[in-house]
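Fold and contact review
Listed below, chain by chain, are the residues.
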Amino acid sequence: MARDTSEKPGIIHPYQMLFTFDDLGGIEGLAGWMEAAERHRSTLGRVMASKYREGLFMEDRIFHRVAAIEAFARDRIGYRGVKLPGALKHCRDLAGNEFVDLVGDVEKWSQVIKSNRDDIGHHYGRRPDQGGAQKYVLAESAYWLFILCMLREAKAPQSVFEKIKNHSEWTWLAPKVQAVVQAG
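Model, not experiment: these values are computed from the prediction.

A word on the overall build of the protein
Secondary structure assignment for the protein yields 10 helices and 0 strands. In the protein, the succession of α and β elements from N to C terminus is α-α-α-α-α-α-α-α-α-α. Here the protein holds 184 residues, and the buried ones make up 43% of them. The long-range share in the protein, meaning contacts at least 24 apart out of those at least 6 apart in sequence, stands at 66%. Working note: accessible area of the protein is about 9800 Å², and carbon and sulfur atoms make up 55% of it.

Right, here's the structure in full:
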């Protein structure tokens, strides 16, 4: 797990850990993660930069994460003509039920994410009343979609997904994402 470097190096508190080395499957699980990280190095770097870089606007976080999801799907599908809706569907399907549990209505989530991405990318200015909280939860949901896909790509055991789903960060985020999705 990537982490904020503002703390003392090497100190990770148990409440910060979403899962353990053993949950991941030990050295074999770590090898799977490293192989997936190598295959998707560019998109992984983009998502992690959007998580830990200081001073990014929420719009930038959404935009970079959605672009990374689109690129990730294109890399997996092997077809450069994949558009965002197809990429989102591919990644939602790959991420599995845990992602459904996070966002609720995955079709509506995809529409909201695409609409936000288009608004940001094309400077439509359709959301002047959308506050930072809504943008934050959408950005975080895109982050988690990417992470779940990377873990699936790495063939992480189901126990990893269960640990994530039961973590306090996830349980806090899920109802907020679902409310933003339902509000459209």
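Next comes the rest of the write-up.
Notes on the state of the cysteines
Enumeration over the complete set of coordinates arrives at 0 disulfides. Just so you know, Cys91 is unpaired, no disulfide at all, and the nearest cysteine sulfur is the one on Cys149, 4.0 Å from it. On the accessibility criterion, Cys91 (1% relative accessible area) is buried.

Overview of the nonpolar core
A general trend in soluble globular proteins is that nonpolar side chains are found buried together. Among the nonpolar cores identified, the biggest contains 52 residues, and Phe99, Leu102, Trp109, Trp144, Leu145, Phe146 and Leu151 are the most heavily contacted of them. The greatest single-element share of this core, amounting to 13 residues, is contributed by helix H8 (residues 132–153). When sequence neighbours within four positions are dropped, the list of residues in contact with Trp144 reads Leu18, Leu102, Ile164, Glu169, Trp170 and Leu173.

Details of the pattern of salt bridges
Per the stated rule, a full pass over the model turns up 15 salt bridges. Between Lys135 and Glu59 there is a salt bridge whose closest N-O contact spans 2.6 Å. On the criterion of sequence distance, the pair formed by Lys135 in helix H8 and Glu59 in helix H4 (residues 58–77) is long-range, its members being 76 residues apart. Residue Lys135 is classed as buried on the basis of its relative accessible area, which comes to 13%. Taking the relative accessible area as the measure of exposure, Glu59 reaches 27% and is therefore partly exposed. Between Arg74 and Glu70 there is a salt bridge, with its nearest N and O atoms 3.0 Å apart. Of this pair, Arg74 and Glu70 both sit in helix H4, 4 residues apart, which is roughly one turn of the helix. Residue classification places Arg74 among the partly exposed positions, given a relative accessible area of 22%. Given a relative accessible area of 11%, Glu70 falls into the buried group. The network of salt bridges with shared partners includes Glu70, Arg74, Lys114, Arg117 and Asp118.

Parameters at a glance
- Residues numbered from 1 in each chain as written.
- Predicted model: local features only at pLDDT ≥ 70, side-chain atom pairs only at ≥ 80, totals over all residues.
- Heavy atoms only, no water.
- Helix = DSSP H or I, 4+ residues; strand = E, 2+ residues; numbered from the N terminus.
- Buried < 20%, exposed > 50% of the residue type's maximum accessible area, 1.4 Å probe, protein only.
- Contact = heavy atoms within 4.5 Å.
- Areas by Shrake-Rupley, 256 points an atom, 1.4 Å probe, with all protein chains shown as cover.
- Disulfide = S-S within 2.5 Å.
- Core = buried A, V, L, I, M, F, W, Y, C linked by side-chain atoms within 4.5 Å.
- Salt bridge = Lys/Arg side-chain N within 4 Å of Asp/Glu carboxyl O.

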